[in-house]
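Descriptive structure summary
Residue-level listing of the chains:
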2 protein chains.
Amino acid sequence: MTERRGGGAALVAHSGGPTAVINASLLGLVEETVKRRFFRHLYGARFGLEGILKREFVDLLDLDPARLSRVAQAPSSALGTSRLELGPGGAERLVEAFRTREIRCLFHTGGNGSMGMAAEIAAGARAAGYDLQVIGIPKTIDNDLAETDHTPGYGSAARFFACAAREIGGDNRALPGQVEFVEVLGRHAGWIVASTALARHRPGDAPHLIYLPEQPLPLDRLLADVERVFARLGRCVVAVCEGQLDDRGEAFGADARGGSRGTLAMNLGHRLARLVTERLGIKARAEKPGLLGRVNGPLRSAVDWREARLCGRAAARAAARGISGAMVTLLRQPGPAYHVTTGLAPLERIAGVERCVPPEWLHPEGNDVSPELLEYAAPLVGEIAGYESLE
Amino acid sequence: MTERRGGGAALVAHSGGPTAVINASLLGLVEETVKRRFFRHLYGARFGLEGILKREFVDLLDLDPARLSRVAQAPSSALGTSRLELGPGGAERLVEAFRTREIRCLFHTGGNGSMGMAAEIAAGARAAGYDLQVIGIPKTIDNDLAETDHTPGYGSAARFFACAAREIGGDNRALPGQVEFVEVLGRHAGWIVASTALARHRPGDAPHLIYLPEQPLPLDRLLADVERVFARLGRCVVAVCEGQLDDRGEAFGADARGGSRGTLAMNLGHRLARLVTERLGIKARAEKPGLLGRVNGPLRSAVDWREARLCGRAAARAAARGISGAMVTLLRQPGPAYHVTTGLAPLERIAGVERCVPPEWLHPEGNDVSPELLEYAAPLVGEIAGYESLE
């Protein structure tokens, strides 16, 4: 984290998967940049790094404010995003592109991989003797960034899946006699699947079992848990993460796809439902809302949207203060009411670090979460109202 | 359809899968029954026919009206529902249960299978010399009942999946380079999958391909369609029904489960995504919101909810008029503005009949729907607003 005065033009790029609130961060960044008049231009790269390499930019300061407000209400990235890896010589090519437009500040919006990339780009600029500020704007549904209390995008994804667990729980209660797996987004960190516990209001409410990918899940334990719940209630809803592994480090025999961050099962819920039917003789099925959970407009969290905007604003302020090599963070303030402020943390402390759910926030039996986790997540997700029943 | 004057007690039962608005029909039935004072009791069977056989009833006229209003806002069946088949001697056992509580009217809420069951129960009562009115309340997300313009439950499920197609389309647009299958509920009738076309607002909007289960889909044609769209846009969203079959009458090699209405694939979208990746070398994945789509509270259609309530009211009015052996229908009235009234049709004309999408409402190329279908569905689903973009 260093300080310098910028001026010239700035550029914002999106990196990694979109979220329901990434455009709110864009709004915050643009409105604060307009207010501070620190940069002559604020370009938006079309499709992240790919747009920088192809010089495909939108001048965001030219945008009609009413249109920008509408863009900020839309889920998914309005600029477009990319999973392009930097690769050898990548930082140098980007710096070349910056030079052609006199871009002196990069706002990189993404998760821990993207923050690593931002640090590499900053190093590349230094090596090339090119004066460049680099500021990270946090964005990931996975909520796995270090140095920040939570990340924009998480609250909305968590809200979607908590609502999904509530609805599927209602279905399973009305038409019992089967086991329902709800497959939730998330690879190594179980923050989203954990939040499905917010769906519970009455005794017997779903989800009855919640597994976090922080712990391997032996198939026998899963089956014993399901059998016990089903014997008691005659129904069972299981929230499980697409990244859940068994005690052999495998995805229970599901179809998996390799990637830079390890393999990920493509049909885990379905596979587990089949195993339950085959081994326990209980009717079982699985739902997989999948990507719908990361870009759902109607179910986004209002707090998440506001905080995403805050992060965009804080990034513009940091730029005006000459900050470089840092990511905006959210700091939860002590006190009875939920309140956050923004801070800054060096990119190096975030790059490549995955912040998982701490072991003490898991239930000792490995099939649920602790009250502390719910206290942490509830204000980020917003209220998940229960439904009236006739019981 | 016969006429008689009832009196005594009445009973309402839910049958088949729950919907987002089945409790609105319950509200309509209770409020009109209270108003007409035609029955001394209105019992609700817990878990459909199972509750009748076990004599598990809720007295709905005792309910606090404020609580009933809240129940009507909840998706999924508040009474509980059942897939129990009548079986040999089933009607007789039900009539015995009616006799013990002097139940003189059955309101059976369900789809075409349930209306067949209602007709059998009516016949069983006649054979036993037991005076019983039987009135059907339409309920199915599949929209496949004869004699009615559409069915309560359909508009909300269609709204859910149209929104899902919009959101997943936005994700696929922001992060292109892959094919996305959106697996939609529906077995033989493609009404829901057809409604995903309402997600489109701008050129290039998803879904790019929509397949209706009314037509078999040769795998080669699917692959050619996907390849063509992907070559043009660099992305592709396909809406496909879980009941879609290939030209050999099989589910493309997906895992399937047998049932009274034929086999149903459990992982069709995933299977098709794998085939696209293997045969075309294009990255592909699938989302399957599944049952979430039939019981989603936040995304229900306001028109659907109002009409479900109307159907409940109309059922109570029909009972007071002495009608028996009929189901309430929705009749779309001619004129520039959308308007429906309720009617009645004999159970025999609905029982076991599946009303599919007419061939002229399919696109000639077999991968989309016609404008007539959208005109039909739009008022039932409600507006699916488009999102602002930066393009």
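Above this text is the structure in question.
In this report, the structure presented in the accompanying data block is examined. Please read all numbers here as calculations on a predicted model, not as lab measurements. (Residues numbered from 1 in each chain as written. Chains lettered and ligands numbered in written order. Predicted model: local features only at pLDDT ≥ 70, side-chain atom pairs only at ≥ 80, totals over all residues. Heavy atoms only, no water.)

Moving on, we get to the packing of aromatic side chains. Scanning the model with the defined rule gives 14 aromatic pairs over all chains in all. Ring plane angle 80° and centroid distance 4.9 Å describe the contact between F38 of chain A and F39 of chain A, whose orientation is recorded as edge-to-face. Relative accessible area serves as the criterion here: at 15%, F38 of chain A is assigned to the buried category. Joined through ring pairs, the aromatic side chains of F38, F39 and F107 of chain A make up one cluster. If you follow R104 of chain A out to its NZ or CZ, it ends over the ring of Y130 of chain A, 4.2 Å from the centre. One residue, R101 of chain B, lies across the ring of Y43 of chain B, its end atom 5.2 Å from the ring centre. (Phe/Tyr/Trp six-rings, centres within 6.5 Å; stacked < 30°, edge-to-face > 60°. Buried < 20%, exposed > 50% of the residue type's maximum accessible area, 1.4 Å probe, protein only. Lys NZ or Arg CZ within 6 Å of the ring centre and 35° of its normal.)

Moving on, we get to the pairing of strand β6 (residues 133–138) of chain B. All names here are of chain B. Judged by how many residues are buried, β6 sits mostly within the fold: six of six residues are covered. In β6, alternate side chains face the same way, and those of Q133, I135 and I137 on one face and V134, G136 and P138 on the other are all buried. Sheet topology note: the strand β5 (residues 103–110)/β6 ladder contains six bridges and is parallel. If you follow C105 over to β6, its bridge partner there is Q133. (Helix = DSSP H or I, 4+ residues; strand = E, 2+ residues; numbered from the N terminus. Pairing = 2+ DSSP bridges.)

Between chain A and chain B, which share one sequence, the superposing operator has a rotation angle of 180° and an axial displacement of 0.0 Å; the RMSD is 0.0 Å. Taken together, the turn and the small shift mark the pair as related by a two-fold rotation axis. Across chain A, the smallest distance between a C-alpha and the rotation axis is recorded for P289 of chain A, namely 2.0 Å. (Least-squares fit on C-alpha atoms with pLDDT ≥ 70 in both.)

Residue and element names in this part refer to chain A. Reading across the sheet, the four strands line up as β8-β9-β7-β12 and stay open at both edges, with parallel pairing between neighbours. Two strands in the sheet have a free side with no partner beyond their single neighbour: β8 (209–210) and β12 (284–287). As paired strands, strand β7 (residues 179–184) and β12 are joined by four bridges and run parallel to one another. Across the sheet, the residue bridging to E180 is R285, located in β12.

In this section: helix α11 (residues 371–381) of chain A. Residues and elements named next belong to chain A. Inspection of α11 places L373, Y376, A377, L380 and V381 among the buried residues, and these make up the whole buried set. One side of α11 holds all its buried residues, which, seen down the axis, span an arc of 120°. Seen from the buried face of α11, the exposed residues on the opposite side, beyond 90 degrees, are P371 and E375. Each element contacted by the buried residues of α11 is listed here: α6 (154–174), α7 (191–195), α10 (302–320) and β14 (326–332). Positioned one or two residues after α11, G382 has a phi angle of 85°, which is positive. (Arc of directions from axis to C-beta. Contact = heavy atoms within 4.5 Å.)

What follows covers the pairing of strand β3 (residues 41–45) of chain B. Residue and element names in this part refer to chain B. Of all five residues making up β3, four are buried, and the element is well covered by its neighbours. Pairing of strand β2 (residues 9–14) with β3, which is carried by four bridges, proceeds in the parallel orientation. What sits directly across from A10, in β3, is L42. One crossover worth recording links β2 to the parallel β3 by way of helix α1 (residues 22–36), and it is right-handed. Relative to strand β4 (residues 57–59), β3 is paired through three bridges, and the arrangement is antiparallel. Bridge assignment links A45 to a residue of β4, and that residue is F57. (Right-handed = clockwise from strand over helix to strand, strands pointing away.)

Another aspect to go through is unusual backbone geometry. Glycine aside, a negative phi is what most residues show, and trans is what most peptide bonds show. All names here are of chain A. A cis amide bond, omega -5°, links A206 with the succeeding residue P207. Topologically, P207 is positioned in the loop between α7 and β8. The phi dihedral of E102 is positive, around 50°, even though this residue is not glycine.

As a further point, take the environment of L79 of chain A. With respect to the secondary-structure elements, L79 of chain A resides in the loop between α3 (65–73) and α4 (90–100). With 18 residues separating them in the primary sequence, L79 of chain A and A97 of chain A have C-alpha atoms 18 Å apart. Apart from the residues within four sequence positions on either side, L79 of chain A is in contact with V12, H14, L26, G44, A45, R46, F47, V58 and L60 of chain A together with L390 of chain B.

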